[in-house]
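# Coordinates in review
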Amino acid sequence: MEETPHNCPGTGSAQAGRGAACQGCPNQRLCASGAGEAPDPAIEEIKEKMKTVKHKILVLSGKGGVGKSTFSAHLAHALAEDENTQVALLDIDICGPSIPKIMGLEGEQGDQGAGLTSDSMPVFTQVHQSGSGWSPVFLEDNLGVMSVGFLLSSPDDAVIWRGPKKNGMIKQFLRDVDWGEVDYLIVDTPPGTSDEHLSVVQYLAAAHIDGAVIITTPQEVSLQDVRKEISFCHKVKLPIIGVVENMSGFVCPKCKKESQIFPPTTGGAEAMCQDLKIPLLGKVPLDPHIGKSCDEGRSFLVDTPDSPATVAYRSIIQRIQEYCSLHRPEEERTSLVPETRGDMDASSTASAS
């Protein structure tokens, strides 16, 4: 479905909320009032907050169950293996937060009073508050995590919210969490192309998003929805770092024979990427130890270092790091120019003397 009516005049038009195309639109009254023209002040606040975050990566997929949260968690684990790299992992899957479980942070308790304040939501939380905002839950000194799962008294509690409340929660995560100096912010998203995705892209637009890593599995039923996600990225001008094909074959640990559990009947992610001219970052084979590690809240990369899946993960993560190093924000690149030029001039002067 289209996010706006086909002939939407736009919020800046004199016909906003009044044109024939506006009839039946849920935002008709908002547009007619003129309030839709005003930019959300949170965008600038978030831009200021994100000045301490070097790289921002969204993990997306149009399909559920393809391994987005697993990939997000292991991307964070791998980046944080370097003690000098500060990593933040933000879970914006409001209704299905699995990051606390995968990261081994489920069930901890902390301060009371920072939690969800809806009548249907508990307020006991393990999220601590300070004068500078909410503090992430730290797995390691250089790996902080934030999720709505930390705001629930039980992992079985359901978050029953409509779009506006979910959007408000995402805004609060981006604006009010004290991330500090961070090298990589990884944002784990729910499946689809709806409220959460629009919100995070809108709120981070002014802060520069490095790009999106899109997760799929080989079969066409997954690729069909992933193409929609790629279309979403193009429409909102979100750069695509590349595609990861999860569950790409299974190598028997005994006979070493490879089987296609999810046959790539239309060529899999490789054919799709060639057709759409976007990078294929790599293929991760099935390994039962991945699921086991996630259930136990451990890093599969550490537990099973010699697995073909670990080798694939590390190759993919290296490509993501290389992409980020080549796509720094414009202001960061330009800020390096005067210093570099000065060094060159000083070097030339020294040589001449």
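Residues numbered from 1 in each chain as written. Predicted model: local features only at pLDDT ≥ 70, side-chain atom pairs only at ≥ 80, totals over all residues. Heavy atoms only, no water.

## Focus on the overall build of the chain
Along its length, the chain carries 12 helices and 12 strands. In the chain, which comprises 353 residues, the share counted as buried stands at 45%. In the chain, of all internal contacts separated by at least 6 residues, the share reaching a separation of at least 24 is 74%. As presented, the chain carries roughly 17800 Å² of accessible surface, and 51% of it is formed by carbon and sulfur atoms. (Helix = DSSP H or I, 4+ residues; strand = E, 2+ residues; numbered from the N terminus. Buried < 20%, exposed > 50% of the residue type's maximum accessible area, 1.4 Å probe, protein only. Contact = heavy atoms within 4.5 Å. Areas by Shrake-Rupley, 256 points an atom, 1.4 Å probe, with all protein chains shown as cover.)

## Considerations on the nonpolar core
Grouped burial of nonpolar side chains is what soluble globular proteins tend to show. Counting residues in each nonpolar core, the largest one holds 88 residues, and the members touching the most others are Leu58, Phe71 and Ile320. When residues in this core are grouped by element, the largest group, eight residues, is from helix H11 (residues 308-326). In this structure Leu58 touches Val187, Val200, Val201, Leu204, Ile209, Gly211, Ala212, Val213 and Leu238, once residues within four positions along its chain are discounted. (Core = buried A, V, L, I, M, F, W, Y, C linked by side-chain atoms within 4.5 Å.)

## What about the pairing of strand E2 (residues 87-91)?
The two faces of a sheet get side chains in turn, since along a regular strand they alternate between them. Among the five residues in E2, five count as buried, and that is most of the element. Residues Val87, Leu89 and Asp91 line one face of E2 and the alternating positions Ala88 and Leu90 line the opposite face, and both faces are buried. Bridge count for E2 against strand E6 (residues 143-147) is five bridges, and the pairing is parallel. Bridge assignment links Leu90 to a residue of E6, and that residue is Met146. Note that E2 and strand E7 (residues 182-188) share five bridges and pair parallel. Residue pairing across strands places Leu90 opposite Val187, the latter belonging to E7. (Pairing = 2+ DSSP bridges.)

## Observations concerning the confidence of the model for the chain
For the chain, per-residue confidence averages 84 on the pLDDT scale, and 82% of positions sit at 70 or higher. Across residues 117-125 the pLDDT falls below 50, and counting only partners more than four positions away or on other chains, this stretch makes 32 contacts in the model. Of the regions scoring below 50 in pLDDT, residues 333-353 engages in three contacts with residues more than four places distant in sequence or in other chains. (pLDDT = per-residue confidence, 0-100.)

## A few points about the pattern of salt bridges
Applying the stated criterion to the full structure yields 13 salt bridges. Where Lys101 meets Glu106, a salt bridge forms, and the shortest distance between an N and an O atom there is 3.7 Å. Using a relative accessible area of 35% as the deciding quantity, one classes Lys101 as partly exposed. We classify Glu106 as partly exposed; its relative accessible area is 38%. (Salt bridge = Lys/Arg side-chain N within 4 Å of Asp/Glu carboxyl O.)

## Some thoughts on the side chain of Ser61
For Ser61, the position within the fold is in the loop between strand E1 (53-60) and helix H3 (68-80). Classification of Ser61 as buried rests on a relative accessible area of 0%. Side-chain polar atoms of Ser61 contact the backbone oxygen of Ile215, separated by 2.7 Å. In this structure, Ser61 is in contact with Val66, Lys68, Pro190, Pro191, Gly192, Ile215, Val226 and Glu229, ignoring residues within four places of it in sequence. (Polar contact = N/O pair within 3.5 Å; in protein donor to acceptor, adjacent residues only side chain to side chain.)

## Observations concerning the side chain of Ser299
Considering the arrangement of structural elements, one finds Ser299 in the loop between helix H9 (288-296) and helix H10 (300-303). If we skip the residues at most four places from it in the chain, Ser299 touches His74, His77 and Ser293.

## What about the packing of helix H7 (residues 220-235) against helix H8 (residues 268-276)?
Axis separation between H7 and H8 bottoms out at 11 Å; the angle between their running directions is 35°. Remark: the crossing between H7 and H8 carries right-handed chirality. Along the contact surface, H7 presents Leu223, Val226, Arg227 and Ile230, while H8 presents Gly268, Ala269, Met272 and Leu276. Within the contact of H7 with H8, the residues separate by chemical class into six nonpolar, one polar and one charged. (Axes fitted to C-alpha atoms, helices over the stretch in contact; angles between N-to-C directions. Left-handed = near helix turned anticlockwise from the far one by under 90°. Nonpolar A, V, L, I, M, F, W, Y, C, P; charged D, E, K, R; others polar.)

## Brief notes about the environment of Gly249
Among the secondary structure elements, Gly249 is positioned in the loop between strand E9 (240-245) and strand E10 (250-251). Given the relative accessible area of 1%, Gly249 is considered buried. As a C-alpha pair, Gly249 and Ser259 span 10 residues in sequence and 5.6 Å in three-dimensional space. Those residues in contact with Gly249 that sit more than four places away from it in its chain are Glu258, Ser259, Gln260, Pro285 and Leu286.

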